[in-house]
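# Observations on chain architecture
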Amino acid sequence: MLLTCLRRVETTIMVMLLLAMILLAVYQIVLRNFYDSGLIWGESLLRVMVLWVGLLGAMVASRKGDHININLVTRHVGPHAQSMINTITALFTATVCGLLSYHSFRFVQIEFQDGLTAFAGIPTWVCELIMPIAFAVISLRYLALAVLALKNRASDDRRDNCQ
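Right, let's walk through the structure included here. (Residues numbered from 1 in each chain as written. Predicted model: local features only at pLDDT ≥ 70, side-chain atom pairs only at ≥ 80, totals over all residues. Heavy atoms only, no water.)

### Regarding unusual backbone geometry
- With a phi close to 50 degrees, Asp36 is a non-glycine residue in the positive phi region.
- Examined against the element boundaries, Asp36 turns out to sit in the loop between helix H1 (2–35) and helix H2 (42–61).
- Phi is positive for Ala120, close to 50 degrees, though the residue is something other than glycine.
- Within the secondary structure, Ala120 sits in the loop between strand E1 (117–119) and strand E2 (122–123). (Helix = DSSP H or I, 4+ residues; strand = E, 2+ residues; numbered from the N terminus.)

Okay, structure coming up:
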């Protein structure tokens, strides 16, 4: 239930941001080409939206481990070794994303203390808040994938021993 809700929220936010990005970019183009003007903060907002859409996309890709990977080694090994490599990769990904989450959280804290604004009175830390959240979610998802892979390996090993 909670995972389904989180998936819907992620997808909805990502779709809405992407739609808003497209509309804002088109609006900026129309303003520039036909009225020789534009929104002063439009470009800055678009850059922040790209960051949010990119990290939300990474969160969505991490739902089932559908991230970009190079499976050069796993193609040439058996299923047991493939499972072990996938588990190690998931643990490594969880560790790296956990570290990224921690350090981006520290970065956001510093930005909060500085009190700077990005554009239109919006604080910079609000624009950057997606970083620790996204990396924490990705880290937790890959940790869950690793635990699930370990459980599956253990049950496969038990089945093999019983036969």
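### Describing the environment of Val137
- Residue placement: Val137 occurs in helix H5 (residues 130–162).
- Between the C-alpha atom of Val137 and that of Gly98, which follows or precedes it by 39 residues, the distance is 8.8 Å.
- Setting aside residues up to four positions removed in sequence, Val137 forms contacts with Glu10 and Met59. (Contact = heavy atoms within 4.5 Å.)

### Observations regarding the layout of surface pockets
- As a volume, the second largest pocket reaches approximately 230 Å³.
- Every residue along the wall of the second largest pocket is listed here: Leu3, Leu6, Arg7, Arg63, Val137, Leu140, Arg141, Ala144 and Leu145.
- Looking at the lining of the second largest pocket, the elements that each hand over two or more residues are H1 and H5.
- With 5 residues, H5 is the single largest residue contributor to the lining of the second largest pocket. (1 Å grid on protein atoms, 1.4 Å probe; cavity = no way out; pocket = protein on both sides within 12 Å on 5 of 7 lines; lining within 4 Å. Points joined across faces, edges and corners; volume = space filled by probe spheres on them.)

### Overview of the packing of H1 against H2
- Between H1 and H2, the least distance of the axes is 9 Å, while the angle of their chain directions is 155 degrees. Classed by the angle they form, the pair H1 and H2 counts as roughly antiparallel. For the pair H1 and H2, the sense of crossing is left-handed. Between H1 and H2, the residues in contact are Glu10, Ile13, Met14, Leu17, Leu18, Ala20, Met21, Leu24, Ala25, Gln28 and Arg32 and Gly42, Glu43, Leu45, Leu46, Met49, Val50, Trp52, Val53, Leu56, Gly57, Met59 and Val60, respectively.
- In the contact of H1 with H2, the residues fall into 17 nonpolar, 3 polar and 3 charged. (Axes fitted to C-alpha atoms, helices over the stretch in contact; angles between N-to-C directions. Parallel < 35°, antiparallel > 145°, perpendicular 65-115°, else oblique. Left-handed = near helix turned anticlockwise from the far one by under 90°. Nonpolar A, V, L, I, M, F, W, Y, C, P; charged D, E, K, R; others polar.)

### Focus on the nonpolar core
- Met49, Leu55, Met59 and Ile130 are the most contacted members of the largest nonpolar core, which has 20 residues in total.
- Looking at this core, the elements that each hand over two or more residues are H1, H2, helix H3 (79–114) and H5.
- Beyond its immediate chain neighbours, meaning those up to four positions away, Ile130 contacts Leu51, Trp52, Leu55 and Leu56. (Core = buried A, V, L, I, M, F, W, Y, C linked by side-chain atoms within 4.5 Å. Buried < 20%, exposed > 50% of the residue type's maximum accessible area, 1.4 Å probe, protein only.)

### A word on the side chain of Glu111
- By the secondary structure assignment, Glu111 is in helix H3.
- Despite being buried, Glu111 has no salt bridge partner; Arg106 is the closest side chain of opposite charge, sitting 13 Å away.
- Apart from the residues lying within four places of it in its own chain, the contact partners of Glu111 are Leu116, Thr124, Trp125 and Glu128. (Lys, Arg positive; Asp, Glu negative; His and termini not counted. Salt bridge = Lys/Arg side-chain N within 4 Å of Asp/Glu carboxyl O.)

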